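Observations on the three-dimensional arrangement
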Amino acid sequence: MMVPPFIRTFKYIFMCLFVTFLLACSISLFLIPPSGKEDCRCPSGQTLTPTFDNSHLLGVVVPFRDRFEELLEFAPHIVKFLTAQKINHKIFIINQVDQYRFNRASLINVGFKLAVSAGCDYIAMHDVDLLPLNTNLSYHYPTTTLCHIASPEYHPRYHYNSFVGGILIIKKEDFIRVNGMSNKYWGWGLEDDEFFVRLKEAGLNVSRPTNLTTGIENTFRHIHDRVWRKRDMAKCFNQKEVTRRRDRLTGLRDVAYTIRSKHQLSVDSSTVTIVNTELRCNRTVTPWCLCSAEKKKETSNRQGKGR
Ligand code: UDP
Ligand code: MN
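Reading the values: the criteria
Residues numbered from 1 in each chain as written. Chains lettered and ligands numbered in written order. Predicted model: local features only at pLDDT ≥ 70, side-chain atom pairs only at ≥ 80, totals over all residues. Heavy atoms only, no water. Helix = DSSP H or I, 4+ residues; strand = E, 2+ residues; numbered from the N terminus. Buried < 20%, exposed > 50% of the residue type's maximum accessible area, 1.4 Å probe, protein only. Contact = heavy atoms within 4.5 Å. Areas by Shrake-Rupley, 256 points an atom, 1.4 Å probe, with all protein chains shown as cover. Phe/Tyr/Trp six-rings, centres within 6.5 Å; stacked < 30°, edge-to-face > 60°. Lys NZ or Arg CZ within 6 Å of the ring centre and 35° of its normal. Salt bridge = Lys/Arg side-chain N within 4 Å of Asp/Glu carboxyl O. Near = heavy atom within 4 Å. Polar contact = N/O pair within 3.5 Å; in protein donor to acceptor, adjacent residues only side chain to side chain. Donors = N, O, S within 2.8 Å, 3.2 Å for Na, K, Ca; no water. Arc of directions from axis to C-beta. Pairing = 2+ DSSP bridges. Axes fitted to C-alpha atoms, helices over the stretch in contact; angles between N-to-C directions. Disulfide = S-S within 2.5 Å.

Some thoughts on the overall build of the protein chain
Across its full length, the protein chain carries seven helices and twelve strands. Within the protein chain, the fraction of its 307 residues that count as buried is 46%. Of the contacts formed within the protein chain by residues at least 6 apart in sequence, a portion of 79% connects residues at least 24 apart. When the accessible surface of the protein chain is totalled, it reaches about 16700 Å², and 58% of it is carbon and sulfur.

Focus on the packing of aromatic side chains
Counted according to the given criterion, the structure contains seven aromatic pairs. Both rings, one in Tyr122 and one in Tyr141, keep their centres 5.2 Å apart while their planes meet at 85°; by these two values the pair is edge-to-face. Residue Tyr122 is found in strand E5 (residues 122-126), and its partner Tyr141 is found in the loop between strand E6 (130-132) and strand E7 (146-148); the two are separated by 19 residues along the sequence. Like Tyr141, Tyr122 is buried. Measuring from ring centre to ring centre gives 6.0 Å for Phe175 and Phe195, while their planes differ by 45°; the resulting arrangement is tilted. Remark: Phe195 occurs in helix H5 (residues 191-201) and Phe175 occurs in helix H4 (residues 172-177); sequence separation between them is 20 residues. Chaining the aromatic ring pairs together yields one cluster made of Phe112, Phe175 and Phe195. The lysine or arginine in question, Arg229, covers the ring of Trp228, its NZ or CZ lying 4.2 Å from the ring centre.

Topic: the pattern of salt bridges
The final tally for this structure, using the stated rule, is 16 salt bridges. With a closest N to O distance of 2.9 Å, Asp232 and Arg101 form a salt bridge. Of this pair, Asp232 sits in the loop between strand E10 (220-222) and helix H6 (239-243) while Arg101 sits in the loop between strand E4 (89-96) and helix H3 (104-117), placing them 131 residues apart in sequence. Here Asp232 falls in the partly exposed class, since its relative accessible area comes to 29%. Through salt bridges that share partners, Lys184, Glu194, Arg198, Glu201, Arg246, Asp247 and Arg248 make up one connected network.

Some words on the site of ligand 1
What surrounds ligand 1 is a group of 13 residues, the closest being Pro63, Arg65, Asp129, Tyr158 and Arg231. Separating an oxygen atom of ligand 1 from a side-chain N or O atom of Arg67 is a distance of 3.1 Å. Tyr158 is positioned such that a nitrogen or oxygen atom in its side chain is 2.4 Å from an oxygen atom of ligand 1. Considered on its own, ligand 1 offers 510 Å² of accessible surface; in the complex 87% of this is hidden by protein.

A word on the coordination of the manganese ion (ligand 2)
Tetrahedral metal sites with four donors have an ideal angle of 109.5 degrees; octahedral sites with six donors have ideal angles of 90 or 180 degrees. Asp129 (OD), His222 (NE2) and His224 (ND1) make up the full set of protein donors to the manganese ion (ligand 2), lying at 2.0 to 2.3 Å. Along the chain, the residues donating to the manganese ion (ligand 2) fall in the pattern D-x92-H-x1-H. Taken together, the residues span a long stretch of sequence, with Asp129 in the loop between E5 and E6 and His222 in strand E10 at a distance of 93 residues. Given the relative accessible area of 4%, Asp129 is considered buried.

A few points about H5
Of all the positions in H5, only Glu191, Asp192, Glu194, Phe195, Arg198 and Leu199 are classed as buried. Viewed end-on, H5 has its buried residues packed into an arc of 155°, placing them on one side of the element. On its buried face, H5 sits against H3, E5, E7, strand E8 (167-171), H4 and strand E9 (206-207). A positive backbone phi angle near 70° is found at Gly203, which sits one or two residues after H5.

Some remarks on unusual backbone geometry
A positive phi angle, near 55°, is found at Asp66, a position not held by glycine. By the element assignment, Asp66 lies in the loop between strand E3 (58-64) and helix H2 (68-84). You can call Asp66 exposed: its relative accessible area is 58%. One non-glycine residue, Asn211, lies in positive phi territory at about 55°. Among the structural elements, Asn211 can be located in the loop between E9 and E10.

Examining the sheet that holds E3
Taken in spatial order, the eight strands make up an open sheet running E9-E7-E8-E5-E3-E4-E12-E11, and their pairing is mixed. Of all strands in the sheet, those bounded by a partner on one side alone are E9 and strand E11 (257-267). With two bridges connecting them, E7 and E8 associate as antiparallel partners. Bridge assignment links Cys147 to a residue of E8, and that residue is Ile169. Relative to the sheet, H2 contacts E3, E4, E5, E11 and strand E12 (270-279), its axis offset from that of E4 by approximately 165°. Set on the sheet, H5 makes contact with E5, E7, E8 and E9; between it and E8 the angle comes to about 30°.

Remarks on the state of the cysteines
The final tally for this structure, using the stated rule, is two disulfides. Covalent S-S linkage joins Cys236 and Cys291, the inter-sulfur distance amounting to 2.3 Å. The sign of the S-S torsion, about -100°, decides the handedness of the disulfide formed by Cys236 and Cys291: left-handed. Remark: Cys291 occurs in helix H7 (residues 291-306) and Cys236 occurs in the loop between E10 and H6; sequence separation between them is 55 residues. The pair Cys236 / Cys291 is uniform in exposure class, with both members buried. Disulfide partner of Cys281: Cys289, at an S-S distance of 2.1 Å. Its S-S torsion of approximately -85° makes the covalent link between Cys281 and Cys289 left-handed. Summarising the burial analysis for this pair, Cys281 and Cys289 share the class buried.

Okay, here's the thing in structure tokens:
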């Protein structure tokens, strides 16, 4: 029996529609992630890549001294977290081995240089004691400018709006543009607030994760025992006065240091590079890199007068 031509045409159109329908179904099943789960929260609109993106390499830069127990938790945790997001990365633990007070910002400057020479095109400035828990915190290459992962909205301890400490992701060119971080901050605090001013003056916007379903209790774990890990809050010489001001002189370009040695350390099969770093201090510019020297001087003066 002859099939009329219009029925044949109809059959072809129907087959085309059916194939298109099947294709659409498979695309939505296998390629588009279920909404609300894999959305990147920082910056909004970005999505997690299903495979490793070899066009970017993240350098995780950890300023470090005497926090071995925290490192034992941090290393496997962060490697697992980044691998789940399929992020190519290298981890640098910048271990301060000189006799001066801890200098978080200078160590980050050193770590940045090492990360860039290892091929990284963006870094995460990362405290060793702050572990990301919510899998929606994205460590991907930022689509806009900087991404402050440890947002004051979710950080367990710091809730002021200009806070940019804890964990901050920044592109190589942006870090260079602001001349990195100030080298004047020996001891605890304020170096991240000075960095915020650098970013602001350079017109660099900071984006942050939003609409997370977790809160200040469970977005991060801050492994910080305040009694055991005392913060070095001493202020000596004119430190207080100088560190309240924006530093237009020091930074990435003049950070003075010597790398003493490098070691690959594996913790539960997660490997990090330990970089033993000796910072140098210009005692004329920042005499407060050793507060105890002033105390000793004061004591000997007093003893001298007493005699
Ligand atoms: N840090 C360190 N040893 C020190 C002081 C600080 O390793 O003696 C590093 C470590 O990565 C830590 C970060 O600097 O997470 C920030 O210091 P801290 O945790 O004391 O400050 P917080 O931001 O919790 O007040
Ligand atoms: Mn801490």
